[in-house]
Amino acid sequence: MSTSPWRDVSLTGWGRTARADSKAARPERQSALRAALESSNGKPVLAFGAGRSYGDAALNSGGYALLTERLDRLISFDSATGELVAEPGVTFETLMRVLLPRGWLVPVTPGTAFATLGGAVANDVHGKNQEAAGNFSDHLQWIEVLTAKGEVVRASAQENADLFAATVGGIGLTGIITALSLRLQRVPGNAAMVKLRRLPDLDAVVEGLTTPHPDTPYSVAWIDALAGGRNLGRGVLELAAPAEEPLPEQAVKARGLPVDLPGFVLSGPTVRAFNEMYWRRVPAGGTERPTHWRSFLYPLDAIHQWNRMYGKAGFHQFQCVVPQDEAPAAVRGLLETLGKAGRASFLAVLKAMGREGRGDLSFSMPGLTLAVDIPNRPGVDELLTRLERQTLDAGGRVYLAKDSHLSPDGFRAMYPRLAGFQAALKKWDPDGKFMSDMARRLKIREGGAA
Ligand SMILES: Cc1cc2nc3c(=O)[nH]c(=O)nc-3n(C[C@H](O)[C@H](O)[C@H](O)COP(=O)(O)OP(=O)(O)OC[C@H]3O[C@@H](n4cnc5c(N)ncnc54)[C@H](O)[C@@H]3O)c2cc1C
């Protein structure tokens, strides 16, 4: 009887445009993880968390995928300091379920609770409070990484700092994160007080996001990406802070999307009508209401597998950040391009960023970040190429967690700390054991010191 942990699998990114046939192992123990790495027969290996990256960052065609979902133990929690030690497959959903009732909130979270903590380190994710709280890695004390040599190495800003900087945002290319220590934040209850304001155009939205708002550390704007002319960039601004009073706990009732939806659902008129309704649901004078953290932080999680809404062809998400000074004009230009192409769908989000990330390949920089879902239809390549060029011209960068289309030259120009990353890879993984479809597409290991 074969004892090999490897099975054939077909994996996709969340946008379902990128696919990979690989061999996958799903270890439950650290010892099994190490044994799986040893038995990978010289083939390239990559960790796979919850597959919430949209493109090919977590895919490794023809190689080996180490699924981390069963490495999901909370190892310890110190209720005096808020320090959590956990395995990489723990999800934000687990932290919400187990620690929020005890008064602890994860200080930085992406917009889905289904992502794993390992995936959050590897993309150095940001949340709706990036200006106030920085990135996920700003709250890490240390990580442990199973490196190409089969050793588990502890890394932090002080210890093996090069490995830390390369692993944070390093899209899995330095090794497998096996444990991490994260400091959680105390909150008075399970809710945020959310202020909603309906704003008529892009200038008003940008002003709303960039005017200092120290009492509301969370801010995000939904943009109607199909509105043009004087309505270009109109949107709904949400500002939020922890609420003092708790809300009654609701049972979590996530609904699934049972089938791929047909194309007409995403046709221009339907999306236009939805956007109009969504914008008008906020009264002209604004409104304020307590909202459970789960609903505020993870609005899309209420519909499981909502990615099927885009049909079998899937969709791309384009997310870029543009630096402060260029931001208003650059975002206007990007929205105009999207408007002309008539491609934007329901989801277009603008957030402010306040700081650079700590990782060599961290995405964040002070400025504005725009994220837009774009259905995968003929002409999408040209559109994404145009958006990449505009981002580059504004001195911005495209987010690797969402990407499936960036060019190698664009990547090199956008990520100026690549040389440091390549130097760390050369030291910790000289033979290129860890690999991904994204690394091959963007030629991340080629040139420079690698
Ligand atoms: C609805 C939605 C909303 C989102 N909102 C945001 C947002 O607001 N902000 C934001 O920053 N991102 C956001 N994202 C992106 C998402 O947070 C990131 O892609 C995140 O990394 C996904 O985590 P995952 O566990 O699914 O990792 P995967 O997508 O499976 O993997 C991501 C990367 O991490 C690596 N990796 C995973 N586990 C490990 C490990 N143990 N060791 C080493 N490498 C590992 C993989 O190799 C891959 O390179 C959103 C995604 C969705 C679907």
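For the structure, check the block above.
Not measured: the values here are computed from a predicted model. (Residues numbered from 1 in each chain as written. Predicted model: local features only at pLDDT ≥ 70, side-chain atom pairs only at ≥ 80, totals over all residues. Heavy atoms only, no water.)

## Focus: the overall build of the protein
Then, in step 1: Counting its secondary structure elements, the protein contains 13 helices and 21 strands.
Then, in step 2: Since a compact globule built from 450 residues should have a radius of gyration of about 22 Å, the 21 Å found for the protein is in line with a globular shape.
Then, in step 3: Across its three principal directions, the C-alpha atoms of the protein cover 65 × 50 × 45 Å.
Then, in step 4: Taking all 450 residues of the protein together, 56% fall into the buried category.
Then, in step 5: Within the protein, contacts between residues at least 6 apart in sequence are counted, and of these 75% link residues at least 24 apart.
Then, in step 6: On the protein, roughly 18,300 Å² of surface is accessible, and the fraction owed to carbon and sulfur atoms is 53%. (Helix = DSSP H or I, 4+ residues; strand = E, 2+ residues; numbered from the N terminus. Rg over C-alpha atoms; globule rule 2.2 N^0.38 Å. Buried < 20%, exposed > 50% of the residue type's maximum accessible area, 1.4 Å probe, protein only. Contact = heavy atoms within 4.5 Å. Areas by Shrake-Rupley, 256 points an atom, 1.4 Å probe, with all protein chains shown as cover.)

## Digging into the packing of helix 9 (residues 327-341) against helix 10 (residues 380-393)
The axes of two packed helices give the description: the angle between them and the distance between them.
Then, in step 1: Where helix 9 meets helix 10, the closest approach of the two axes is 10 Å, and the angle between their N-to-C directions is 170°. In terms of orientation, helix 9 and helix 10 fall into the roughly antiparallel class. Taken together, the residues of helix 10 that come into contact with helix 9 (itself represented by Gly333, Leu334, Thr337, Leu338 and Ala341) are Leu383, Arg386, Leu387, Gln390 and Thr391.
Then, in step 2: A class-by-class count of the residues in the contact of helix 9 with helix 10 yields five nonpolar, four polar and one charged. (Axes fitted to C-alpha atoms, helices over the stretch in contact; angles between N-to-C directions. Parallel < 35°, antiparallel > 145°, perpendicular 65-115°, else oblique. Nonpolar A, V, L, I, M, F, W, Y, C, P; charged D, E, K, R; others polar.)

## What to know about helix 12 (residues 418-428)
Then, in step 1: Buried within helix 12 we find Leu418, Phe421, Gln422, Ala424, Leu425 and Trp428. Relative to the axis of helix 12, the buried residues are bounded by an arc of 160° and lie together on one face. Opposite the buried face of helix 12, by more than 90 degrees, sit the exposed residues Ala419 and Lys426. (Arc of directions from axis to C-beta.)

## Brief notes about the sheet that holds strand 4 (residues 64-67)
Paired through their backbone hydrogen bonds, the strands of a sheet run either parallel or antiparallel.
Then, in step 1: Pairing is mixed in the open sheet, where four strands are placed in the order 1-2-4-3. Where the open sheet ends on each side, the last strands, each with one partner, are strand 1 (7-12) and strand 3 (45-48). Each adjacent strand pair in this sheet contributes to an overall mean axis angle of 45°, direction not counted. (Pairing = 2+ DSSP bridges.)

## What to know about the site of the ligand
Then, in step 1: Close to the ligand lie 36 residues; Ala47, Arg52, Thr116, His126 and Tyr399 are nearest.
Then, in step 2: Note that an oxygen atom of the ligand is positioned 2.7 Å from one of the backbone N or O atoms of arginine 52.
Then, in step 3: Contact distances for the ligand include 2.6 Å between an oxygen atom and a side-chain N or O atom of threonine 116.
Then, in step 4: Surface burial for the ligand is 97%, taken as the share of its 960 Å² of free accessible area covered by protein chains.
Then, in step 5: Within the residue set of the shell around the ligand, elements represented by two or more residues are strand 3, helix 3 (117-122) and strand 10 (176-183).
Then, in step 6: Looking at the shell around the ligand, its residues break down into 20 nonpolar, 13 polar and three charged. (Near = heavy atom within 4 Å. Polar contact = N/O pair within 3.5 Å; in protein donor to acceptor, adjacent residues only side chain to side chain.)

## Some details on the nonpolar core
Then, in step 1: In terms of nonpolar packing, the biggest core is built from 107 residues, with Phe136, Trp293 and Leu350 touching the most fellow members.
Then, in step 2: Top contributing element to this core by residue count: helix 9, with six residues.
Then, in step 3: Not counting residues up to four positions away in its chain, the partners in contact with phenylalanine 136 are Phe92, Val106, Val108, Leu117, Ala120, Val121, Asp124, Val125 and Leu182.
Then, in step 4: In terms of nonpolar packing, the next biggest core, distinct from the first, is built from 12 residues, Trp6, Leu37, Leu71 and Phe434 among them. (Core = buried A, V, L, I, M, F, W, Y, C linked by side-chain atoms within 4.5 Å.)

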